[in-house]
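# Observations on chain architecture
Each chain is listed here by its residues.
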Amino acid sequence: MLQIRLAQISDAAEIQAIYAPSVEHSPISFELAAPSVEEMAARVTKTIRQHPWLVCTDGSAICGYAYASEHRERKAYQWATTVSVYIDQTWRRHRLGRALYTALFGVLAAQGYYAAYAGITLPNAGSVGLHEAMGFTPIGVYTQVGFKAGAWHDVGWWQRDIQPRQENPADPTPIGQIVGTPAWHAAIAAGEQIIAKTHER
């Protein structure tokens with residue numbers, strides 16, 4: 001049975017294994033060398049101090065993950081996040097991206113975030129299709145912004161509102177204070193419901 005939960009440091013090796021091919025065999029990631037397991041563990045540790053990093057597991061292995069991170073460093077950006085999702089090759093076309101993003105956005109809303117941004121190396125029809133199906137709209141392109149694998153690449157940017165903006169918003173709540181709350185369980189259940197409906201077919 002597929003389940004969604006918060007990432008743990010012990011997940012670093014499996015997360016690294018899912019991510020590494022995007023670095024080593026494509027321009028999807030602009031990193032030039034895949035991070036080590038130790039580096040991935042450090043990234044998970046840093047992220048979950050404030051933001052959600054969710055994994056989908058079949059009980060024995062991680063099938064995919066999605067996470068949010070700080071969009072920009074300056075304080076007025078604190079209600080915006082940058083999001084990413086990666087799915088193991090053997091689990092693609094099982095709607096895990098939709099499920100993980102659905103859960104992620106529910107958690108982000110509970111934390112008090114208002115907008116999510118995603119950067120996509122172009123062309124990438126699959127990623128564009130997923131993000132637009134999840135309510136993202138294109139807002140611009142950085143043309144020929146990165147050089148990798150012997151070529152210059154464009155990066156398109158997409159935006160999705162998470163919830164209506166409020167006047168005088170409170171600072172976003174750290175993820176540790178959201179885990180286990182009714183809002184957390186509702187967000188995770190919404191993501192897992194997508195998985196369940198997919199596998200009922």
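Residues numbered from 1 in each chain as written. Predicted model: local features only at pLDDT ≥ 70, side-chain atom pairs only at ≥ 80, totals over all residues. Heavy atoms only, no water.

Moving on, we get to the pattern of salt bridges. Overall, the coordinates contain 4 salt bridges when judged by the stated rule. Close ionic contact of Arg43 with Glu39 constitutes a salt bridge, the shortest N to O distance being 2.9 Å. Residue Arg43 and its partner Glu39 are both found in helix 2 (residues 37–47); the two are separated by 4 residues, about one turn of the helix. Asp161 serves as the salt-bridge partner of Arg165, at 3.2 Å between the closest nitrogen and oxygen. When its relative accessible area of 44% is taken as the criterion, Asp161 is described as partly exposed. A single salt-bridge network, built from bridges that share partners, covers Glu31, Glu39 and Arg43. (Salt bridge = Lys/Arg side-chain N within 4 Å of Asp/Glu carboxyl O. Helix = DSSP H or I, 4+ residues; strand = E, 2+ residues; numbered from the N terminus. Buried < 20%, exposed > 50% of the residue type's maximum accessible area, 1.4 Å probe, protein only.)

Taking strand neighbours across the sheet as the criterion, the 7 strands line up as 1-2-3-4-5-7-6 in an open arrangement whose pairing is mixed. Single-partner strands in this sheet number two, and they are strand 1 (3–6) and strand 6 (137–148). This sheet shows a mean twist of 25° between the axes of neighbouring strands, independent of strand direction. Pairing analysis gives 4 bridges linking strand 1 to strand 2 (residues 53–57), with the strands arranged antiparallel. Paired with Ile4 across the strands is Cys56, a residue of strand 2. (Pairing = 2+ DSSP bridges. Axes fitted to C-alpha atoms, helices over the stretch in contact; angles between N-to-C directions.)

Attention shifts here to unusual backbone geometry. Both trends apply: most residues other than glycine have a negative phi, and most peptide bonds are in trans. Across the junction of Leu122 and Pro123, the peptide omega takes the value 0°, indicating a cis bond. Here Arg95, not a glycine, exhibits a phi torsion of approximately 65°, which is positive. With respect to the element layout, Arg95 can be found in the loop between strand 4 (80–87) and helix 3 (96–111). Since its relative accessible area comes to 29%, Arg95 is described here as partly exposed.

Attention shifts here to helix 4 (residues 125–133). All of the buried residues in helix 4 are Ser127, Val128, Leu130 and His131. Viewed along the axis of helix 4, the buried residues span an arc of 165°, placing them on a single side of the element. Away from the buried face of helix 4 by more than 90 degrees, exposed residues Ala125 and Gly126 are located. On its buried face, helix 4 is in contact with strand 4, helix 3, strand 5 (115–122) and strand 7 (151–161). Immediately beyond the C-terminal end of helix 4, within one or two residues, lies Gly135, with a positive phi of roughly 95°. (Arc of directions from axis to C-beta. Contact = heavy atoms within 4.5 Å.)

Before going further, it helps to spend a moment on the packing of helix 3 against helix 4. Running from amino to carboxyl end, helix 3 crosses helix 4 at an angle of 45°, the nearest separation of the two axes being 10 Å. Classified by the angle between their axes, helix 3 and helix 4 sit oblique to one another. Both helix 3 and helix 4 take part in a crossing whose hand is right-handed. Along its contact with helix 3, which presents Gly97, Arg98 and Tyr101, the element helix 4 presents Leu130, His131 and Ala133. Residue classes in the contact of helix 3 with helix 4 are distributed as 3 nonpolar, 2 polar and 1 charged. (Parallel < 35°, antiparallel > 145°, perpendicular 65-115°, else oblique. Left-handed = near helix turned anticlockwise from the far one by under 90°. Nonpolar A, V, L, I, M, F, W, Y, C, P; charged D, E, K, R; others polar.)

Before going further, it helps to spend a moment on the nonpolar core. Ranked by size, the top nonpolar core spans 38 residues in total, and within it Ile4, Leu54, Val83, Tyr101 and Phe136 carry the most contacts. When contributions to this core are tallied by element, the ones reaching two or more residues are strand 1, strand 2, strand 3 (62–70), strand 4, helix 3, strand 5, helix 4 and helix 5 (182–200). For this core, the leading source of residues is helix 3, giving 9 residues. Other than its neighbours up to four places away in sequence, Val83 contacts Tyr67, Ala68, Tyr101, Leu104, Phe105, Leu108, Ala116, Tyr117, Ala118 and Phe136. (Core = buried A, V, L, I, M, F, W, Y, C linked by side-chain atoms within 4.5 Å.)

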